[in-house]
Amino acid sequence: QKEVEQDPGPLSVPEGAIVSLNCTYSNSAFQYFMWYRQYSRKGPELLMYTYSSGNKEDGRFTAQVDKSSKYISLFIRDSQPSDSATYLCARGSNDMRFGAGTRLTVKP
Amino acid sequence: DTGVSQDPRHKITKRGQNVTFRCDPISEHNRLYWYRQTLGQGPEFLTYFQNEAQLEKSRLLSDRFSAERPKGSFSTLEIQRTEQGDSAMYLCASSSPGHGYTFGSGTRLTVV
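Residues numbered from 1 in each chain as written. Chains lettered and ligands numbered in written order. Predicted model: local features only at pLDDT ≥ 70, side-chain atom pairs only at ≥ 80, totals over all residues. Heavy atoms only, no water.

Q: Got a sec to walk through the overall build of chain A? Specific residues and values, please.
A: The helix and strand tally for chain A stands at 0 helices and 11 strands. Listed N to C, the secondary structure of chain A is β-β-β-β-β-β-β-β-β-β-β in terms of helices and strands. In terms of overall size, chain A behaves like a compact globule, its C-alpha atoms giving a radius of gyration of 13 Å where 108 residues would be expected to give roughly 13 Å. Principal-axis analysis of the C-alpha atoms gives chain A an extent of 40 × 25 × 20 Å. Buried positions account for 42% of the 108 residues belonging to chain A. (Helix = DSSP H or I, 4+ residues; strand = E, 2+ residues; numbered from the N terminus. Rg over C-alpha atoms; globule rule 2.2 N^0.38 Å. Buried < 20%, exposed > 50% of the residue type's maximum accessible area, 1.4 Å probe, protein only.)

Here it is in structure tokens:
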């Protein structure tokens, strides 16, 4: 079993939609979780990170961790075509382990 | 500081040749990581350094792969006797405690 599991999609939504991206993780000892965005042929860039449980909001993005179900979510409100990218969830520790990434397309 | 720099951006090599990639991390970051990413997959952890010490290596890092970080600054990743299965994007990232990882743009390796 991989440490972080993520549905690879692809996911296609119209502009302005609310997007929900999800991951599950295997080890309840994990406490740091990150979301990265990766555009084609570029390195991943950090969007948000959360520690332990709860929500964290940054503009149109909300990251959520549910430790009881070992579930990580990223919500994007008012999605824009510029949000089209691959979104990677990851668990942090001394090193970072990623999910497979979900490819998102926001259509104008 | 312009972030994490990787060189070259692209490398095409013949099977059996050796290749070396370089990563220059953000100067104040003491940790440096190497990842490999293939199409449609997330980055896979290869190895990481804290300063000049290599603290962990993935089993993905076969004996044809070697990484160094002399003096705790830049790092090199060498692949000997390349195989077609080595074709991938090789990503470098750096971090320091309390900070997220910053990735470079990667080196895309194609083995023909």
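Q: Report on the nonpolar core, specifying residues and quantitative values.
A: Residue and element names in this part refer to chain A. One finds Trp 35, Leu 74 and Tyr 87 to be the most contacted residues of the largest nonpolar core, which totals 22 residues. Counting only elements with at least two residues in this core, the list comes to strand 3 (19-25), strand 4 (32-38), strand 5 (45-51), strand 7 (61-66), strand 8 (71-76), strand 9 (85-92) and strand 11 (102-107). In terms of residues, this core owes the most to one element, strand 3, which gives 4 residues. Among all residues touching Tyr 87, those that are not within four sequence positions of it are Gln 6, Leu 21, Trp 35, Tyr 36, Arg 37, Leu 47, Phe 61, Leu 74, Ile 76, Gly 101, Thr 102 and Leu 104. (Core = buried A, V, L, I, M, F, W, Y, C linked by side-chain atoms within 4.5 Å. Contact = heavy atoms within 4.5 Å.)

Q: Can you tell me about a nonpolar patch on the surface, naming the residues and giving the values?
A: On the surface, a nonpolar cluster with roughly 380 Å² of combined accessible area is contributed by Tyr 32, Leu 46, Tyr 49 and Tyr 51 of chain A. By secondary structure assignment, the location of Tyr 51 of chain A is in strand 5. (Patch = residues over 30% accessible without salt bridge, like charges linked within 9 Å, V, L, I, M, F, W, Y side chains within 5 Å. Areas by Shrake-Rupley, 256 points an atom, 1.4 Å probe, with all protein chains shown as cover. Salt bridge = Lys/Arg side-chain N within 4 Å of Asp/Glu carboxyl O.)

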